[in-house]
Amino acid sequence: MDPNQENAIVILKAMVESSRWRGSGDVIKRITGLSFDEINEAVPCLEEMGLVKTLDVKSRVRYEFYNVSLKPSACQYYNENFGKIKSIE
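First, a word on what this report is: a plain description of the structure on this page. None of the values given here were measured: they were computed from a predicted structure. (Residues numbered from 1 in each chain as written. Predicted model: local features only at pLDDT ≥ 70, side-chain atom pairs only at ≥ 80, totals over all residues. Heavy atoms only, no water.)

1. Concerning helix 3 (residues 36-48)
Defined as follows: Only DSSP runs of H or I reaching four residues or more are called helices, and only runs of E reaching two or more are called strands; each is numbered from the N terminus. By definition here, a helix of n residues has an expected span of 1.5 Å times n minus one. Between buried and exposed lies partly exposed: a residue is buried under 20% and exposed over 50% of the maximum accessible area for its type, with that area taken using a 1.4 Å probe on protein chains only. We call two residues in contact whenever any of their non-hydrogen atoms come within 4.5 Å of each other.
Across its 13 residues, helix 3 extends 19 Å between first and last C-alpha, which sits within 8% of the 18 Å expected from 1.5 Å per residue. All buried positions along helix 3 are accounted for by Ile39, Asn40, Ala42, Val43, Cys45 and Leu46. Against the buried residues of helix 3 lie helix 1 (3-17), helix 2 (25-32), strand 2 (52-55) and strand 3 (67-70). Downstream of helix 3 by a residue or two, Gly50 has a phi angle that is positive, lying close to 75 degrees.

Written out as structure tokens, the structure is:
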């Protein structure tokens, strides 16, 4: 698996398991331990998979986005691949 995809799964799992349905880049960094660059490269993978929605940032400081919100499909993906959780719908 591509390192960006692996980091995307790390982000997804950390957000779901910590019940963070929305988080800034700094929150994601804190709960995953990933670097700024790893997060910036992994979040688009989650977007392409249809698992998150991001809010764009007007001026980039560290991250390419303002925050990341899990979509209901993220819970379904997590349930199918890692375990059972409650839906966020």
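2. Looking at the environment of Met49
When you line up the elements, Met49 lands in the loop between helix 3 and strand 2. Look at Met49 and you get partly exposed, because its relative accessible area is 40%.

3. Regarding the state of the cysteines
In plain terms, the rule: Any cysteine sulfur atom paired with another within 2.5 Å is treated as part of a disulfide.
A complete count under the given rule lists zero disulfides for this structure. The thiol of Cys45 is not disulfide-bonded; the next cysteine sulfur, from Cys75, is found 19 Å away. With relative accessibility at 2%, the residue Cys75 sits in the buried group.

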